[in-house]
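So you can see what is in the structure, the chains are spelled out below.
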Amino acid sequence: MARILLFSPYEPPSDGIAEHTGHLVDAWDSAGHSVLVIAPGKQRGLEGAECIGSRSKVARILRQVPRRRTWNEIVEFQPDMVFVQFAIAAVSVNLWSVRSLCKQFSAARIPVVVAYHEPAREYDLLGFVTRRIYQTMARVTEVPIVFSLAGRQALIDSDLFDEVVEVPHGTTGIAKITDEDIRRVQDLYHIQKPLVVALGFTNSDKGTDVLLDAASAIASGLSNDVQFLIAGSPRERRGVFRLMEHRDVKCQQRLEHQAKEIADVEIAFSGFVADQDVAALLFVADVVALPYRRTAQSGIANLALSSRSVVVCSDLPGLRSDLGDAAKYVKVGDSRAMAEQIVSLLGDDSTSVRRHMRELSGERAVANNFSKVAEEILSAGLPNGGARRPA
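Analysis parameters
- Residues numbered from 1 in each chain as written.
- Predicted model: local features only at pLDDT ≥ 70, side-chain atom pairs only at ≥ 80, totals over all residues.
- Heavy atoms only, no water.
- Helix = DSSP H or I, 4+ residues; strand = E, 2+ residues; numbered from the N terminus.
- Buried < 20%, exposed > 50% of the residue type's maximum accessible area, 1.4 Å probe, protein only.
- Contact = heavy atoms within 4.5 Å.
- Lys, Arg positive; Asp, Glu negative; His and termini not counted.
- Charge placed at Lys NZ, Arg CZ, Asp CG, Glu CD.
- Axes fitted to C-alpha atoms, helices over the stretch in contact; angles between N-to-C directions.
- Parallel < 35°, antiparallel > 145°, perpendicular 65-115°, else oblique.
- Left-handed = near helix turned anticlockwise from the far one by under 90°.
- Pairing = 2+ DSSP bridges.
- Core = buried A, V, L, I, M, F, W, Y, C linked by side-chain atoms within 4.5 Å.
- Salt bridge = Lys/Arg side-chain N within 4 Å of Asp/Glu carboxyl O.

Draft legend 1. The overall build of the protein chain, seen in detail. If you tally the helices and strands in the protein chain, you get 16 helices and 14 strands. A principal-axis box enclosing the C-alpha atoms of the protein chain has dimensions of 70 × 40 × 40 Å. Counting all 391 residues of the protein chain, 56% fall into the buried class. In the protein chain, the proportion of contacts linking residues at least 24 apart, taken out of those at least 6 apart, comes to 71%. Looking at the protein chain, you have 45 positive and 48 negative side-chain charges, and the mean spots of the two groups are 8 Å apart.

Okay, here's the thing in structure tokens:
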């Protein structure tokens with residue numbers, strides 16, 4: 001069995017990559033592997049580590065500046081593989097600490113496997129600054145991992161790597177949603193009509209403005225028997241990356257202003273959605289809209305699969321990698337096509353189509369579960385199957 005050292009945010013607080021890490025840890029732990037997660041936080045050492053499985057712990061000891069004590073303690077774990085969940089938004093101001101520690105493990109001939117979550121969106125986001133961050137991380141990466149063909153192409157086109165390993169993003173299988181869960185979200189979000197939902201952290205790449213541009217046409221096509229819920233908020237960031245948060249806050253303000261200008265259409269903004277409500281909300285929604293302008297992959301798309309959602313999304317390679325034939329696709333940025341597709345799906349004669357789409361979502365969720373993803377990542381980093389290297 002392997003020993004895996006994992007650098008990543010870890011819940012709480014709620015975060016998409018932190019949640020993804022939690023599912024991978026569960027899968028590895030269940031398979032008999034041992035995992036030590038090093039997450040941002042102010043704990044003083046491993047003595048405060050929290051058990052998160054029968055063989056796994058999380059230590060919240062990652063700081064902006066690498067400390068000798070951190071290295072001395074985590075090296076005693078004797079990892080077979082170092083795995084990094086990388087996105088600028090997730091690593092944030094702890095980037096240099098992560099890089100320094102990875103460099104030391106690489107020098108000790110421990111394979112460093114890095115999962116790049118948002119290369120298509122982040123690489124040029126702040127010009128030289130973000131490009132430099134990716135170039136710096138690439139230098140300590142032995143095996144680059146992505147979760148879609150779009151992510152793979154972004155890393156290769158950026159001349160960061162010649163070869164990249166692509167694995168599914170992962171799902172929890174089919175989510176268990178009770179009648180009580182359904183009633184709770186219906187009451188909480190005042191759902192009384194067919195519901196169209198857009199969910200996730202706010203940023204311009206999510207294309208929520210495209211859905212809002214389509215809202216009047218959708219309402220008109222359905223005799224106003226529809227309501228819209230824009231669920232999510234800007235991601236909080238630290239240090240120089242607050243520039244990115246500021247852009248997202250401005251985006252949120254533009255969206256709310258845009259919605260106010262749309263007459264006679266029921267549009268609500270909900271902000272943060274509690275973890276226990278996400279699956280039920282995506283299941284209750286008659287359509288989950290993902291009108292993205294750009295993405296390498298989508299955690300929301302995979303949550304929608306687990307929730308057996310009816311999904312309408314932009315025709316992007318990253319979304320096709322996640323959703324396959326379990327979604328309806330429209331041209332990127334085409335609000336008219338988005339409106340036509342949603343109206344078609346919400347028509348009375350489309351009940352069987354929606355039912356079939358939900359079945360396809362469930363099937364894809366089962367096929368791309370986190371156990372499969374965890375095994376593929378481990379195989380990429382340790383081709384010998386995870387056996388300990390001789391001392």
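Still more ground to cover, so stick around.
Draft legend 2. Just the packing of helix α9 (residues 208-221) against helix α14 (residues 335-346), in detail. Following both chains from N to C, one finds α9 and α14 inclined at 45°, their axes separated by 8 Å at the closest point. By the angle class used here, α9 and α14 are oblique. The interaxial crossing formed by α9 with α14 has right-handed handedness. Here V210, L211, D213, A214, A217, I218 and G221 of α9 come into contact with α14, specifically with S335, M338, A339, I342 and V343.

Draft legend 3. Here's a closer look at the sheet that holds strand β2 (residues 34-40). If you trace the 8 strands from one edge of the open sheet to the other, you get β3-β4-β2-β1-β5-β6-β7-β8, paired in mixed fashion. A single partner strand is all that each edge strand has here, and the edge strands are β3 (50-51) and β8 (165-166). The pairing of strand β6 (residues 112-116) with strand β7 (residues 143-146) spans 3 bridges and is classified as parallel. When the bridges of β7 are listed, V113 appears paired with V143. Sheet strands in contact with helix α1 (residues 16-30) are β1 (3-7), β2, β4 (56-62) and β5 (81-86), and its direction is about 155° off that of β5.

Draft legend 4. Fine view of the nonpolar core. Counting 38 residues, the largest nonpolar core has F7, F86, Y116 and M137 as its most contacted members. The element that contributes the greatest number of residues to this core is helix α4 (residues 95-107), accounting for 5 residues. Counting residues in each nonpolar core, the second largest holds 35 residues, with A175, Y189, V284 and A327 among its members.

Draft legend 5. Examining the sheet that holds strand β10 (residues 227-231) more closely. The sheet built from 6 strands is open, its strands ordered β11-β10-β9-β12-β13-β14 with parallel pairing. At either end of the open sheet lies a strand with only one pairing partner, and these are β11 (266-271) and β14 (327-330). Ignoring strand direction, the axes of neighbouring strands in this sheet form an average angle of 25°. Here strand β13 (residues 311-314) runs beside β14; their pairing, made up of 4 bridges, is parallel. Counted as the bridge partner of V311 is A327 from β14.

Draft legend 6. The pattern of salt bridges, seen in detail. Taken as a whole and judged by the stated rule, the model has 11 salt bridges. A salt bridge links R184 to D277, with the shortest nitrogen-to-oxygen separation between them at 2.7 Å. Of this pair, R184 sits in helix α8 (residues 179-188) while D277 sits in helix α11 (residues 275-284), placing them 93 residues apart in sequence. Given a relative accessible area of 29%, R184 falls into the partly exposed group. Residues R320 and D315 are paired through a salt bridge, measuring 2.6 Å at the closest nitrogen-oxygen approach. Members of the salt-bridge network, linked through shared partners, are E118, R121, D205 and R294.

Draft legend 7. Structural detail: unusual backbone geometry. In this structure, P12 follows E11 across a cis peptide bond, with omega equal to -10°. Relative to the helices and strands, P12 resides in the loop between β1 and α1.

Draft legend 8. Region of the structure containing the side chain of D205. With respect to the helices, strands and loops of the structure, D205 is situated in the loop between β9 (195-199) and α9. In this view, D205 contacts R121, Y292, R293 and R294; residues no more than four positions away in its chain are not counted.

None of the figures reported here should be taken as evidence of function without further support.
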